[in-house]
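Residues per chain, in single letters:
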Amino acid sequence: MLRFLVRRSLGAIVIILLISAITFFCFFALPSEPAQLACGKNCGPDAIALINKNLGLDEPVPVQYWHYLVGIFAGRDFEVGHCPAPCFGYSFTNSQPVWETIMDRYPTTLSLAVGGAAVFLLIGVGIGMIAAARRGTFTDKFFSSLSLIGNSLQIYFVGVIALWLLVDSWGLIDRPEYYPITENPAKWFSGLLLPWLVLSIIFIANYSRMTRSQMVEQLSEEHVRTARAKGMSGRTVFFRYAWRGAIAPIVTIVGIDLGSLFGGAMITEFTFTLHGLGRLAVESVTEKDLPMLMGVMLFSCTAIVIANIIVDALYAVIDPRVRLA
């Protein structure tokens, strides 16, 4: 198991370094110069030269990339002051450290993504298991029809309708707002409940159909039929044998869907006016705040890679053949 995790971790480090290099060099592939973007339209040559010196932009690009990597792990000294590790530079918009802004926004996105994943796994997998247990009945057909409808919906459409009906018209749910879970867990839950439901609606449809198909396949396997022939109860066969075989592919798909979950969180943040990383990334593009955009991209990619390592570890625990391969 340890060797398996070491291999996955080394591969993750290589991927993160490649992402950082591609992101950094794309920074300099843009038609506008970074110093010009930082200074604004009404900026003279002397001011641009001073910004280049203060931000270290007057050095060769490979040297700047090296300083950027070193700054992430050891901090970095600018003419304007010291940037402690992890240093992603300073924002062009408000001159604040990029890392501080990311840490201020990240809890919102993390809460939204983790809560949404918990909702769609709980509901989606649960519906799929019920449909598989009642295969061919009205319940199975009803849930299959609902999954097709849910798969055709979009977050921005469902979010607006949900706000109008559940919040403005009926007043059943509080208007979505982020509260730190450490300060008020009840408000944290109630403030994100509607965004969780909206974010998870498409994933619920996918996971219910996938769980049903996997459970139906597992219930027809030879070892399951053998367990039934030995006189084991239907509940034991269903959960001990069929469910364990069906969960491994679901865990794999969760790892693949992490990137899609972040994209869905970005749309959800805009729909419900939540200030998370997705909204910050779009604001950085609009304001041409390249250091902030680079920091958000690198941080988000690193978080997704780490989450995939955790998913791989869970998959290896479920299926020992993976870590022995």
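Check the entry above for the structure.
Quick caveat, the model's predicted, so the values are computed rather than measured.

> Help me out: how do you make sense of the side chain of T109 in this one?
Positionally, T109 belongs in helix 5 (residues 98–133). When neighbours within four sequence positions are excluded, T109 is seen to be in contact with F262, E269, G276, L277 and G278.

> Explain the pattern of salt bridges to me, please; I cannot follow it from the model alone.
Two side chains carrying opposite charge are able to pair once their charged atoms lie near each other. All chains considered together, the criterion is met by four salt bridges. Between R212 and D140 there is a salt bridge, with its nearest N and O atoms 2.7 Å apart. In this pair, R212 is assigned in helix 8 (residues 185–219) and D140 in helix 6 (residues 138–151), connecting sequence segments 72 residues apart. Relative accessible area serves as the criterion here: at 22%, R212 is assigned to the partly exposed category. The exposure class of D140 is buried, given its relative accessible area of 4%. Between E283 and R279 there is a salt bridge whose closest N-O contact spans 3.5 Å. Note that E283 and R279 are positioned in helix 12 (residues 277–287) at a spacing of four residues, about one turn of the helix.

> Please explain the state of the cysteines as it appears in this structure.
In protein chemistry, a disulfide is the covalent bond that joins the sulfur atoms of two cysteines. Scanning the entire structure with this criterion turns up one disulfide. Paired by a disulfide, C83 and C87 hold their sulfur atoms 2.2 Å apart. Disulfide C83-C87: torsion about the S-S bond near 115°, hence right-handed. Overall, the relative accessible area of 3% leaves C83 in the buried class.

> It is not clear to me how the packing of aromatic side chains should be interpreted in this structure. Could you clarify?
Here the distance between the centres and the angle between the planes together describe a pair of aromatic rings. Enumeration according to the criterion identifies 14 aromatic pairs in this entry. The interplanar angle of 55° and the centroid separation of 5.4 Å between the aromatic rings of F24 and Y65 together place this pair among those described as tilted. Here Y65 lies in helix 4 (residues 61–74) and F24 lies in helix 1 (residues 2–29), a separation of 41 residues in the sequence. For Y65, a relative accessible area of 13% gives the class buried. Ring geometry for F24 against Y68: centres 5.3 Å apart, planes inclined by 45°, an arrangement best described as tilted. Residue F24 is located in helix 1, and its partner Y68 is located in helix 4; the two are separated by 44 residues in the primary sequence. There is no split in this pair, since F24 and Y68 are both buried.

Definitions and limits used
Residues numbered from 1 in each chain as written. Predicted model: local features only at pLDDT ≥ 70, side-chain atom pairs only at ≥ 80, totals over all residues. Heavy atoms only, no water. Helix = DSSP H or I, 4+ residues; strand = E, 2+ residues; numbered from the N terminus. Contact = heavy atoms within 4.5 Å. Salt bridge = Lys/Arg side-chain N within 4 Å of Asp/Glu carboxyl O. Buried < 20%, exposed > 50% of the residue type's maximum accessible area, 1.4 Å probe, protein only. Disulfide = S-S within 2.5 Å. Phe/Tyr/Trp six-rings, centres within 6.5 Å; stacked < 30°, edge-to-face > 60°.

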